[in-house]
Amino acid sequence: MTDIAAPAEHDIFSDNERWGDLGAWNRAALDLHAQGGIHRFERGGFQPFWAVIDHAAVLSIEKQPELFTNGPEPVLNTLAAREARGLDIKTLIHMDAPDHHKYRRLTNDWFKPAAIRRLDDRLTELSRQAIATMEAAGGECDFAIDVALPYPLQVILKILGLPEADYDRMMTLTQQLFGGEDPDLQREEMTAEVIAEVLMDFYGYFTGITADRRGAPADDLASLIANGQIDDAPMPDLETLGYYVIIATAGHDTTSSAMAGGMRALIENPDQLAALRADPGLLNNAVEEMIRWTAPVRHFMRTATADTEVCGQSIQAGDWLYLSYKAANLDPKVFDDPLRFDITRPNADRNVSFGYGVHFCLGAQLARNELRSLFGHLVPRLESIELAGEPTTMKTTFVGGHKTLPIRYRLTPR
Ligand code: HEM
């Protein structure tokens, strides 16, 4: 194979406008699959990169964290944004061995399936609240804004042990950090200075939380982070901030996007909704299919540390690789008829939406539980549901999903 760049119009990855129409994006991804599992793009303003869309290749790269590192740039940013970066915040996703393991170890057990069962009651409460919100709205609401956005943020407040009074502040901050490229979500133009300002907001806020939890540790993640030891010393300030930021942001828009995208998929595939209503035993697989279908984290980047090969293509040390979780979930070699939303798909759980290997999503089980709880409570109550307007999606290249999802519905009486 050659390393000649693919035509620019095939670049569905780095242009945030292309993410505004997910149907067109999916079709374009399928066309790319027909041409190969890896494609090189050289777009002005970006370091050239290889987009890896082959399912097996994404897993193989993730399984070799020393050959393909997260550092120095784990997310696709323009060269200008990289150069202008102010506060250099370091989170788990920026780290490689040996630091990554040391930092991940601090919270790893907290997220294990048995441990997060203690959140089940809170999830049930939030699912009931979501239905109550829909009841109070009287048959029409915006599912993305009124249900999917608040639910996971309430979960974050709970796991970090933050008061409900801090809800608005956390909402603004997570929206600005992750929705940065979408004009509707911007407080003002997202220059490096503005991003640094948002991070400084967080910094001030979490410095207070750290002091509090060092004085009086509680049974929450904030206490684990505040009192975390790395190499027998307290975690440095910037890394402590990074830890709070990654938990707050990684758990919010991701899960919201899966919820809203999952709801839309059920609305647009009424046979699937009917099947789920008829057989609640399908819930877990339906949630896996929603996660495959939505792939809210669009990508992470890896950098090759030595010359190697991916899908028969030679890759040189220093090359940048874009792992397209969304396109890998549409790989026709793995998923039969991949553009069909099918809650009985036998291998829906082979989706790569949570990544793989040492960086595998820390909150994967929690996110699944949130979706299972919400749809497990809501679907049996849905007598009817339809779109009440044209939904809109975020034009973001990193984490994204629905901005709006207007719905009209009837709920069965309790
Ligand atoms: C549907 C929802 C979610 C999706 C699709 C998702 C996806 C991902 C992906 C793709 C990664 C990178 C994996 C890799 O590089 O192999 C990741 C990492 C991470 N996620 Fe999630 N995530 C979701 C929900 C959550 C939640 C609820 C939390 C916690 C509250 C969370 C916390 C994290 C953390 C801390 C990392 C960094 C792990 C590391 O680098 O070691 N995520 N997530």
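Look above for the structure.
Residues numbered from 1 in each chain as written. Predicted model: local features only at pLDDT ≥ 70, side-chain atom pairs only at ≥ 80, totals over all residues. Heavy atoms only, no water.

*Asks:* Explain empty space enclosed by the protein to me, using residue names and the numbers behind them.
*Replies:* The final tally for this structure, using the stated rule, is one cavity of 30 Å³ or more. Its boundaries defined by the atoms lining it, the largest cavity holds a volume of some 700 Å³. If you trace the largest cavity, you find 37 residues lining it, with Ala250, Thr254, Cys361, Leu362 and Gly363 closest to the centre. At the level of secondary structure, the elements contributing two or more residues to the lining of the largest cavity comprise helix 4 (99-108), helix 8 (150-160), helix 12 (237-250), helix 13 (253-268), strand 7 (299-304) and helix 17 (364-378). Among the elements that line the lining of the largest cavity, the one with the most residues is helix 17, at four residues. Taken together, the residues of the lining of the largest cavity sort by class into 24 nonpolar, nine polar and four charged. (1 Å grid on protein atoms, 1.4 Å probe; cavity = no way out; pocket = protein on both sides within 12 Å on 5 of 7 lines; lining within 4 Å. Points joined across faces, edges and corners; volume = space filled by probe spheres on them. Helix = DSSP H or I, 4+ residues; strand = E, 2+ residues; numbered from the N terminus. Nonpolar A, V, L, I, M, F, W, Y, C, P; charged D, E, K, R; others polar.)

*Asks:* An account of the packing of helix 15 (residues 283-294) against helix 17 is needed here, citing residue identities and associated values.
*Replies:* The interhelical angle for the contact between helix 15 and helix 17, taken along N-to-C directions, is 120 degrees, at an axis separation of 10 Å. Classified by the angle their axes make, helix 15 and helix 17 are oblique. As helix 15 runs across helix 17, the sense of the crossing is right-handed. Contacts between helix 15 and helix 17 pair Leu283, Asn284, Val287, Glu288, Met290 and Ile291 from the former with Arg368, Leu371, Arg372, Phe375 and Gly376 from the latter. The residue makeup of the contact of helix 15 with helix 17, split by class, is six nonpolar, two polar and three charged. (Axes fitted to C-alpha atoms, helices over the stretch in contact; angles between N-to-C directions. Parallel < 35°, antiparallel > 145°, perpendicular 65-115°, else oblique. Left-handed = near helix turned anticlockwise from the far one by under 90°. Contact = heavy atoms within 4.5 Å.)

*Asks:* Describe in detail the site of the ligand, supporting the description with residues and values.
*Replies:* With respect to spatial proximity, 30 residues lie near the ligand, and among them Glu62, His100, Arg104, His359 and Cys361 are the closest. Glu62 places a polar side-chain atom, nitrogen or oxygen, 2.5 Å from an oxygen atom of the ligand. Backbone polar atom of Ala250 to a nitrogen atom of the ligand: 3.4 Å apart, as the coordinates give it. Applying the majority rule of atoms within 2 Å of the grid points places the ligand in the largest cavity. Among the elements of the structure, helix 4, helix 12, helix 13 and strand 7 are those that each provide at least two residues to the shell around the ligand. Classifying every residue of the shell around the ligand by side-chain character gives 19 nonpolar, eight polar and three charged. (Near = heavy atom within 4 Å. Polar contact = N/O pair within 3.5 Å; in protein donor to acceptor, adjacent residues only side chain to side chain. Sits in = over half its atoms within 2 Å of the grid points.)

*Asks:* Which residues make up the coordination of the iron atom of the ligand, and what values go with them?
*Replies:* Here the protein supplies the iron atom of the ligand with just one donor, Cys361 (SG), and that contact is 2.3 Å long. By the secondary structure assignment, Cys361 is in the loop between helix 16 (325-328) and helix 17. (Donors = N, O, S within 2.8 Å, 3.2 Å for Na, K, Ca; no water.)

*Asks:* Kindly report on unusual backbone geometry, identifying the contributing residues and their values.
*Replies:* Leaving glycine out, the prevailing phi sign among residues is negative, and the prevailing peptide bond configuration is trans. Residue Pro72 follows Gly71 across a cis peptide bond; omega there is 0 degrees. Among the structural elements, Pro72 can be located in the loop between strand 3 (68-69) and helix 3 (79-83). Here the amide bond leading from Ala97 into Pro98 is cis, since omega sits at 0 degrees, within 30 degrees of zero. Residue position: Pro98 is located in the loop between helix 3 and helix 4. We note that Asp231 has phi near 50 degrees; this positive angle belongs to a residue other than glycine. Take Asp231: it is sitting in the loop between strand 5 (229-230) and strand 6 (233-234). With relative accessibility at 57%, the residue Asp231 sits in the exposed group. Look at Ala295: it is not a glycine, yet its phi comes out positive at around 35 degrees. Position of Ala295 relative to the elements: it lies in the loop between helix 15 and strand 7. Classification of Ala295 by relative accessible area gives buried; the value is 0%. (Buried < 20%, exposed > 50% of the residue type's maximum accessible area, 1.4 Å probe, protein only.)

*Asks:* An account of the environment of Arg292 is needed here, citing residue identities and associated values.
*Replies:* Mapped onto the secondary structure, Arg292 falls in helix 15. Between the C-alpha atoms of Arg292 and Asp54, which are 238 residues apart in sequence, the distance is 15 Å. Not counting residues within four places of it along the chain, the set of residues in contact with Arg292 comprises Asn329, Leu330, Phe335, Pro338, Arg340, Arg345, Ala348, Asn351 and Ser353. Among the polar contacts made by the side chain of Arg292, one reaches the main-chain carbonyl oxygen of Arg340 at a distance of 3.1 Å.

*Asks:* Pulling in residues and values, what's your account of the sheet that holds strand 10 (residues 320-324)?
*Replies:* Read from one edge of the open sheet, five strands run 1-2-10-7-3, paired in mixed fashion. Since the sheet does not close on itself, it has two edges, and those belong to strand 1 (38-41) and strand 3, each with one partner. As paired strands, strand 7 and strand 10 are joined by five bridges and run antiparallel to one another. Bridging from a neighbouring strand, Met301 pairs with Tyr322 of strand 10. In the packing of helix 2 (residues 55-62) onto the sheet, the strands contacted are strand 2 (49-52), strand 3, strand 7 and strand 10, and the crossing angle to strand 10 comes to about 125 degrees. (Pairing = 2+ DSSP bridges.)

*Asks:* Describe the nonpolar core, naming the residues involved and giving the relevant values.
*Replies:* Judged by nonpolar contacts, the single largest core of 106 residues is most densely connected at Phe143, Met170, Met263 and Leu321. Excluding its chain neighbours within four sequence positions, the residues that come into contact with Phe143 are Met134, Ala148, Met259, Ala260, Met263, Leu374, Leu378, Leu405 and Ile407. Ala6, Ile12, Phe49 and Met301 belong to the second-largest nonpolar core, a separate cluster that totals 20 residues. (Core = buried A, V, L, I, M, F, W, Y, C linked by side-chain atoms within 4.5 Å.)

*Asks:* Please give an account of helix 12 that cites residues and values.
*Replies:* The periodicity of an α-helix, 3.6 residues per turn, causes residues three or four places apart in sequence to face the same way. A rise of 1.5 Å per residue sets the reference length of helix 12, with its 14 residues, at 20 Å; its end C-alpha atoms lie 20 Å apart and thus fit the reference within 8%. Counting buried positions over the 14 residues of helix 12 gives 11, a clear majority of the element. Considered for burial, the residues of helix 12 that qualify are Glu239, Thr240, Leu241, Gly242, Tyr243, Tyr244, Val245, Ile246, Ile247, Ala248 and Thr249. (Expected span 1.5 Å × (residues − 1).)

*Asks:* If you had to explain the packing of helix 6 (residues 120-136) against helix 8 to someone new, which residues and values would you point to?
*Replies:* For the pair helix 6 and helix 8, the least separation of the axes is 10 Å and the interaxial angle reads 150 degrees. As the angle between them shows, helix 6 and helix 8 are arranged roughly antiparallel. Considering the relative orientation of helix 6 and helix 8, their crossing is right-handed. Here Arg122, Leu123, Leu126 and Ser127 of helix 6 lie close against helix 8, whose contacting residues are Tyr151, Gln154, Val155 and Lys158. Its residues assigned to classes, the contact of helix 6 with helix 8 shows four nonpolar, two polar and two charged.

Honestly, it's all geometry; don't read function into it.
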